[in-house]
Amino acid sequence: KNDDEEYVFGDITKSIAKKVAGDDEYDYEVGDLSRWIDSRVKEKANEFTGNDLYQFGDVTKEITRRLKSGDYKLEDIVFLCRILVQFGAGL
C-alpha cells in the first residue's frame, strides 16, 4: 500500500493470504486462510500418525501407542507437551 492509502479491516489477512498463495493477484475470500491452516495441520498430523485421513484423536492415539510400546523419541514427548500447552492442560 502507498502511504496515502488508508487501512481497511482485513488488509493484513489479505496480504498474508497472497504471500501464502505466492500470487499477488490472488482474490482472497473470508475463511481461505483458516482453511489453508486447517489443511496444513491435518497434513502434518497424517505424517505423524501414518494415516491417510485425519480424524480427531489420531495424534493422541499415536502418542499413546508409541509410549506404551517404548517406540518414541524425545521429539514425540516435546510434541505432546506442546499440544497440552496449546489447550491449556495442566500437568
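Being a predicted model, the structure only gives us computed values, none of them experimental. (Residues numbered from 1 in each chain as written. Predicted model: local features only at pLDDT ≥ 70, side-chain atom pairs only at ≥ 80, totals over all residues. Heavy atoms only, no water.)

**Things to note about the overall build of the protein**
Part 1 of the argument: When you go through the protein residue by residue, the secondary structure sums to 4 helices and 0 strands.
Part 2 of the argument: The C-alpha radius of gyration computed for the protein amounts to 19 Å, which surpasses the reference 12 Å derived for 91 residues by more than 25%, pointing to a less compact arrangement than a globule.
Part 3 of the argument: With respect to the three principal axes, the spread of C-alpha positions in the protein is 60 × 30 × 20 Å.
Part 4 of the argument: Within the span of the protein, comprising 91 residues, buried residues form 20% of the whole.
Part 5 of the argument: Here the contacts in the protein between residues at least 6 apart in sequence split such that 8% fall between residues at least 24 apart.
Part 6 of the argument: Of the roughly 7800 Å² of accessible surface on the protein, a fraction of 54% belongs to carbon and sulfur atoms. (Helix = DSSP H or I, 4+ residues; strand = E, 2+ residues; numbered from the N terminus. Rg over C-alpha atoms; globule rule 2.2 N^0.38 Å. Buried < 20%, exposed > 50% of the residue type's maximum accessible area, 1.4 Å probe, protein only. Contact = heavy atoms within 4.5 Å. Areas by Shrake-Rupley, 256 points an atom, 1.4 Å probe, with all protein chains shown as cover.)

**What about the pattern of salt bridges?**
Part 1 of the argument: As enumerated under the stated definition, the model contains 7 salt bridges in all.
Part 2 of the argument: For Glu 47, the salt bridge is made with Lys 44, and the minimal N-O distance between the two is 3.8 Å. Of this pair, Glu 47 and Lys 44 both sit in helix H2 (residues 32-49), separated by 3 residues, roughly a single helical turn.
Part 3 of the argument: The exposure class of Lys 44 is partly exposed, given its relative accessible area of 45%.
Part 4 of the argument: In this structure, Glu 62 and Arg 65 form a salt bridge, with 2.8 Å as the shortest nitrogen-oxygen distance. In this pair, Glu 62 and Arg 65 are both assigned in helix H3 (residues 58-69), 3 residues apart and thus about one turn of the helix distant.
Part 5 of the argument: Given a relative accessible area of 40%, Arg 65 falls into the partly exposed group.
Part 6 of the argument: Bridged by salt links that share partners, the residues Glu 62, Arg 65, Arg 66, Asp 71 and Asp 76 form one connected network. (Salt bridge = Lys/Arg side-chain N within 4 Å of Asp/Glu carboxyl O.)

**Overview of the confidence of the model for the protein**
Part 1 of the argument: On average, residues of the protein carry a pLDDT of 80, and 92% of them reach 70 or more.
Part 2 of the argument: When mean pLDDT is compared element by element in the protein, H3 scores highest at 88, while helix H1 (residues 11-21) scores lowest at 75. (pLDDT = per-residue confidence, 0-100.)

**A look at the side chain of Arg 66**
Part 1 of the argument: Among the structural elements, Arg 66 can be located in helix H3.
Part 2 of the argument: Excluding its chain neighbours within four sequence positions, the residues that come into contact with Arg 66 are Phe 48, Asp 71, Tyr 72 and Asp 76.

**As for the environment of Lys 68**
Part 1 of the argument: Summarising the element assignment, Lys 68 is placed in helix H3.
Part 2 of the argument: Lys 68 gets classed as exposed once you look at its relative accessible area, which sits at 74%.

**Observations concerning the packing of H2 against H3**
Part 1 of the argument: Contact pair H2 / H3: the axes reach a minimum separation of 10 Å and the direction vectors enclose 25°. One way to sum up the angle between H2 and H3 is to call them roughly parallel. Two packed elements cross with a definite hand, and for H2 against H3 that hand is left-handed. Contact residues: H2 offers Ala 45, Phe 48 and Thr 49, while H3 offers Asp 58, Val 59, Glu 62, Ile 63 and Arg 66.
Part 2 of the argument: A breakdown of the residues in the contact of H2 with H3 according to their chemical character gives 4 nonpolar, 1 polar and 3 charged. (Axes fitted to C-alpha atoms, helices over the stretch in contact; angles between N-to-C directions. Parallel < 35°, antiparallel > 145°, perpendicular 65-115°, else oblique. Left-handed = near helix turned anticlockwise from the far one by under 90°. Nonpolar A, V, L, I, M, F, W, Y, C, P; charged D, E, K, R; others polar.)

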